[in-house]
Amino acid sequence: MIDNILYSIRNLTVEYTTRAGSVKAVEDVSMDIRRGEILGLVGESGCGKSTLGKALMRLHTGPARITEGELWFDGRDLMTLPLKDMPDIRGAEIGMVFQDPMTSLNPVQRILEHITETIQTHEPEISDTDARKRAEELVERLGIRRERIMDYPHQMSGGMRQRVMISLALSLRAKLVIADEPTTSLDVIVEAKFLDLLKELQKEFGLTILLITHNIGVVAEISDRIAVMYAAKLAELGDVNDVFAHPKHPYTQALMRSVPNIKLDSGELYKMAGAPPDLSHPPAGCRFHPRCPYVMDICRVEVPPLEAVEGDQLAACWLYPSVLAKSQEKMHA
Amino acid sequence: MPESTTVSMNPIPMDKSTEAAELVRVEHIRKFFPIQSGFFASLLIGGQIPAVKAVDDVSFIIHKGEVFGLAGESGSGKSTLGRLVLRLLEPTSGTVVFDGTDLESISPEEMRRMRSRMQIVFQDPLASLNPRMTLGEAIEHPAQIHMPKLSAAERRERVLEILSEVGMSPPTTFYSLYPHQISGGQRQRVVLARALVTHPAFIVADEPIAMADVSVRALLLDLMMNLKEKFDLTYLFITHDLATAKYVCDRIAIMYLGKLCEVGPLTDVYQTVLHPYTRALLEAVPVPDPTHRRTEPMPPGEIPNAINPPPGCHFHPRCPIARPNCSIDEPPLRELRPGHFTACHYAEDLLK
Amino acid sequence: MTATKDQLPKNAPEAVSWESELERVGFVRRIFLARRWYGADWWFVTIASVMVVAFIIVAIVPGWFAPYGPDAIVGPRFLAPGEHPAVPVLIVPADSKVNDLKDLAVPADQPRPSVAVVIGVPTGGALNEQAKAIDEQLRNEPGGLRLRPQIDRYATIDQALQAVVDGTDLAAVIQSTEWEKQGLAQKFPTLREANTITGEISTAGGFLLGTNDIGQDVLSRLLWGTRIALIVGFSSSIVALVFGVPLGLFAGFIGGPMDRLLSLIMDSLYAFPGLILAISITAVLGPSILNIIVAIAVLYVPTYYRIVRGQTLSVKEEVYVEAARSIGARSREILQRYIFPNVIPSVAIIFSVNVADAILTGAGLSFLGLGLPPTIADWGIDVARGQRFIQTGWWMITYPGLAIIAVVLAFSMMGEGLTEIFNPKLRER
């Protein structure tokens, strides 16, 4: 077991059973989250990134199910645990920050109670005074004034609520925080400060963060590595500098060029043709092929595997000989 | 009742370099939303009902043919201002002059007719389309109201034409669909079509691409700019995203807590920032380039509430260059450079 | 329970594809496809709709289904469901030529025919009466025949029949029901059942649901009663709708003092316990179907008013209404094309449940004896009448009661099911 990998996701598939049949929101996704890194997971709406985030804590209920895959978190495959043991892991080892903090916080509970309840559920031996002390310290560390711990959620602003969410994750010294669109509902200055906070937490607590967002600017600001999802599959994965400087997958390339960059003096925004596919009837072969400017015959037929293309940078695209070679190797193996 | 503030006597921000005529002139617009308080509470306050000061003394001029950006965070009052310009809200005080006509002086019937020339595109296209009307009916409705001389067939022709203009082909298919049957990007096109069907001169676009997918935004922006060229439109482009504004706006105004901080040509404002808030905003925008990560710290605190904004300059508690008088004297909007206005006492410091 | 679309988070990839599929097919296919989509609710609505349609058909043409008219007195009183009416019938030797009572007539000078009856059973009296009547007839006819039977009374049926077997009596008269009930055919294989002495056709199988206290067929009254129930239910709901909906729209849209005044009036009406209000109105107006309809309608106007007003208030704040104003639409147009169509679905749904409620209230009113003249076939009246005879004639109150339950259930189920099906669209965002 490689020690610097905190969470190894192997061949994860999450299916939704709808009235129209079953849809694979996440299909055969494999990736590693390294200890102490901030991994940015980007994609447009409907690509499956939020589903993936929730699957990592086995949070899905009802129509969604993990139908395949292994979730090796810190040396254990979470898929082998009985579902009733998951609450011990949630909060204590993996924390989650959601998009809209207003709906994830209990409106009739004070912030203090939120935190102390979380702590005392997982560590029942802790006394009330100790739990309160820890809560106050935590909240202050996150930039909220101590007195405000007695506020109710509606008395706080959006940015502060998000900080409270993080504090809940940190209160139990979680190893991994999954942040699902944490800044989408925030104003841009508040967002910037929140991202600063995440970076500080990464440095000070060695926190590992999976940052899920559709905003690649946010990912560029604080991530160490970036993963790009398209239509339930991973398109590209690599160091953030590498991927931004030379994106390998045509979708990533198009995405980079279609996002406005305030630092650039001029330039037009690239317009991507077509639309993301309907996942109940995805296109055959590479999911991006109907919109790809470099489409080849093989793209229409075979699904390209995610393979290393240049150094540590992985892409799922037939354009690259290493991808072709690796898949032929696997075929003959 | 609004509390009295001195009305600023300074020139209204406009673009003197252009020859284009004035299309929209907004002067000292205010919009205060009174908060309901109990009968006895209002007695205690001394007869003054607290109000949310959404827009507080804003003036500017929009010239024909330009894209005038209005940027700000939540609580800045930009959406309220957009609606005030179109008279979808009645201002508490101040005037809006559209193409020479003072909108307050005309009768409600005349105002209704005026609407054929000034339209709005809302942020959420699904919410702004009547779920019980087909797309064709929705687009046709303004034509029914304002172009009574057209026969039904001619109106339908016009609608199909407009649908093609916004890129919905084949138009006859889309004519009889309902809003929930098409995608978000397509809906926004339909909303654009509805706004265009009466040949308006002026369109207020309130965060028009905020709810669209990233890959669709560029297409929509492109469409809007093409339509502007083709139909000789003028836009008031309201947004919170300064990166997008950069791609489409000619001039831009930055708002904070109901007041204008800075107004000027876009390149000037972005390159020669004259207000600490604008600078913070520009710095805060996430840049999709990991080699250009932000190093500047952000202003402390958060946006205060608009009921009791900080006295003097509203931004002073968070401002890195604030001096003692900033908490006392409200900075007037002044023209520091040609066409470039700022409401900061010490804007010159930023020039260095 | 199969998955519902609204349980999926906003990011779920299937988007609106299933709905567009649904719209691409024709209406009939859609109904069957919908079964997959809506699961249990589909069954609710379908079964309930079939029941409602059945009730409506019966209400329109009860004559096709009911064996008798609503008022017809067709049989003995208190006949249990399926019970054969006991008609006095002749029992004769198998080889006898006698079939009717008339056949026993003999010339005046011949010895009188002897007939056996059982003591303590009304057949003796019936025989007497019939014999006298026939005798009267015969006297006026030529032929000189007379019918003056010699009545021999026996303690038990068996004795009476034995006498016929022995030849002591020419025939016996017993209740038709006894012949089958006691297995007498097997006991006396030499005897057979002839015709009834009254000339009545003993209704084979009796009356399906029995008869009531004055001899009317319960089933027929039930079927005819459907008409009244549905007329009252639908009419009062429609009248309530016609008044409640526009008032609600108006109040919600205009607001201000008009709204407050109307709401005050409506809330006051709403505060009244329903049945009591209806009783008071009927008491004032007098008994007639029209007055019942009015009374019940008044009862339900506030329901429609409140729902429509609430919906109007919320729809008024929607962005598309603001958009309508921004394109210069007049208030009337906005109400008509933007607000009304979005408010109406909720009305359609409560209409169904409302009809159920109105039928129940109507039955309640006629149960209390208010509103309908007692000659009209109506479930409420029947239930009221049946109260007194629960022991002797339980079927008199049971079947009308069940009918009320069935109709109310059918309409309610349909309304509830429709709510479930339509709501996803309303809740779509």
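Here the structure is a predicted model, which is why all the values come from computation and not from measurement.

## Section: the overall build of chain A
Of the regular secondary structure elements, chain A holds 11 helices and 12 strands. For chain A, whose C-alpha radius of gyration is 21 Å, the value lies close to the compact-globule estimate of 20 Å for 333 residues. Judged by the C-alpha coordinates and their principal axes, chain A covers about 65 × 50 × 40 Å. Counting only residues that meet the buried cut, chain A has 47% of its 333 residues in that class. The long-range share in chain A, meaning contacts at least 24 apart out of those at least 6 apart in sequence, stands at 63%.

## Some remarks on the interface of chain C and chain B
Across the boundary between the two partners, chain C contributes 18 residues, which contact 24 residues of chain B. Elements supplying a minimum of two residues to the side of chain C that touches chain B: helix 13 (319-326) and helix 14 (331-367) of chain C. Of the residues forming the side of chain C that touches chain B, the biggest block, 6 residues, is contributed by helix 13 of chain C. Residues of the side of chain C that touches chain B, tallied by class, amount to 8 nonpolar, 4 polar and 6 charged.

## Observations concerning the interface of chain B and chain A
In this assembly, 33 residues from chain B lie in contact with 34 residues from chain A. Among the elements that take part in the side of chain B that touches chain A, helix 9 (residues 214-231) of chain B stands out by supplying 6 residues, more than any other. Grouping the constituent residues of the side of chain B that touches chain A by class yields 18 nonpolar, 7 polar and 8 charged.

## Quick word on the sheet that holds strand 6 (residues 171-175) of chain C
Backbone-to-backbone hydrogen bonds pair the strands of a sheet. The strands run either parallel or antiparallel. Residues and elements named next belong to chain C. Strand order in the open sheet formed by 5 strands is 5-3-6-1-7, and the pairing between neighbours is mixed. Across the chains shown, the open sheet's two edge strands, defined by having one partner strand only, are strand 5 (150-154) and strand 7 (191-196). Across the sheet, the axes of successive neighbouring strands diverge by a mean angle of 35 degrees, strand direction being ignored. As defined by bridge partners, strand 1 (residues 88-93) adjoins strand 7 across 4 bridges and the pair is classed as antiparallel. Within strand 7, the position partnered with Val89 by the bridge is Thr196. On the sheet, helix 5 (residues 123-139) packs against strand 1, strand 3 (114-118), strand 5 and strand 6 and is oriented at approximately 145 degrees with respect to strand 3.

## Concerning the nonpolar core
Formed by 279 residues in total, the largest nonpolar core has its most connected members in Leu210 of chain A, Leu236 and Phe237 of chain B together with Ile296 and Ile359 of chain C. If one sorts the elements of this core by residue count, helix 14 of chain C sits on top with 17 residues. Those residues within four positions of Ile296 of chain C in sequence are excluded, and the remaining contacts are Val232, Ser236, Ala278, Ala358, Thr361 and Gly362 of chain C. Judged by nonpolar contacts, the second largest core, of 29 residues, contains Ala105, Ala171, Val173 and Phe188 of chain C.

## A look at unusual backbone geometry
Residues and elements named next belong to chain B. The residue after Ser169, namely Pro170, is reached through a cis peptide bond having omega -10 degrees. By the secondary structure assignment, Pro170 is in the loop between helix 6 (152-165) and helix 7 (171-175). One non-glycine residue, His28, lies in positive phi territory at about 50 degrees. Among the secondary structure elements, His28 is positioned in strand 1 (residues 22-34). Despite not being glycine, Asp99 shows a phi value in the positive range, around 50 degrees. By the element assignment, Asp99 lies in the loop between strand 4 (93-98) and strand 5 (101-102). On the basis of neighbour counts, which here come to 15 C-beta atoms within 10 Å, the residue Asp99 falls in the partly exposed class.

## Details of the confidence of the model for chain B
All names here are of chain B. Taken over all residues, the pLDDT of chain B has a mean of 89, while the share at 70 or more is 94%. Throughout residues 1-9 the model reports pLDDT below 50, and contacts reaching past four residues in sequence, or to other chains, amount to 13 contacts. Complex prediction metrics read pTM 0.81 and ipTM 0.87.

## A look at the sheet that holds strand 2 (residues 21-34) of chain A
All names here are of chain A. Strand order across the open sheet formed by 4 strands is 2-1-4-5, with antiparallel pairing between neighbours. Across the chains shown, the open sheet's two edge strands, defined by having one partner strand only, are strand 2 and strand 5 (76-77). The sheet contact formed by strand 4 (residues 64-73) and strand 5 spans 2 bridges and is antiparallel. Bridging from a neighbouring strand, Phe73 pairs with Arg76 of strand 5.

## Quick notes on the environment of Met331 of chain A
Residues and elements named next belong to chain A. Relative to the assigned elements, Met331 resides in helix 11 (residues 321-332). Taking the number of C-beta atoms within 10 Å as the measure of exposure, Met331 has 7 and is therefore exposed. Met331 sits 50 residues away from His281 along the chain, and the two C-alpha atoms are 26 Å apart.

## Details of the packing of helix 9 (residues 218-254) of chain C against helix 14 of chain C
Residues and elements named next belong to chain C. At their nearest, the axes of helix 9 and helix 14 sit 8 Å apart, and the two run at 145 degrees to each other. Regarding helix 9 and helix 14, the two cross each other, and that crossing is right-handed. In this structure, helix 9 uses Ala229, Val232, Gly233, Phe234, Ser236, Ser237, Leu241, Val245, Leu249 and Phe253 to contact helix 14, whose residues at the interface are Leu335, Ile339, Phe340, Val343, Val347, Phe351, Asn354, Val355, Ala358, Ile359, Gly362 and Ala363. Each residue belonging to the contact of helix 9 with helix 14 can be placed in one class, and the counts come to 17 nonpolar, 5 polar and no charged.

So, how was this worked out
Residues numbered from 1 in each chain as written. Chains lettered and ligands numbered in written order. Predicted model: local features only at pLDDT ≥ 70, side-chain atom pairs only at ≥ 80, totals over all residues. Helix = DSSP H or I, 4+ residues; strand = E, 2+ residues; numbered from the N terminus. Rg over C-alpha atoms; globule rule 2.2 N^0.38 Å. Buried ≥ 20, exposed ≤ 12 C-beta atoms within 10 Å, placed from the backbone. Contact = placed C-beta atoms within 7 Å. Nonpolar A, V, L, I, M, F, W, Y, C, P; charged D, E, K, R; others polar. Pairing = 2+ DSSP bridges. Axes fitted to C-alpha atoms, helices over the stretch in contact; angles between N-to-C directions. Core = buried A, V, L, I, M, F, W, Y, C linked by C-beta atoms within 7 Å. pLDDT = per-residue confidence, 0-100. Left-handed = near helix turned anticlockwise from the far one by under 90°.

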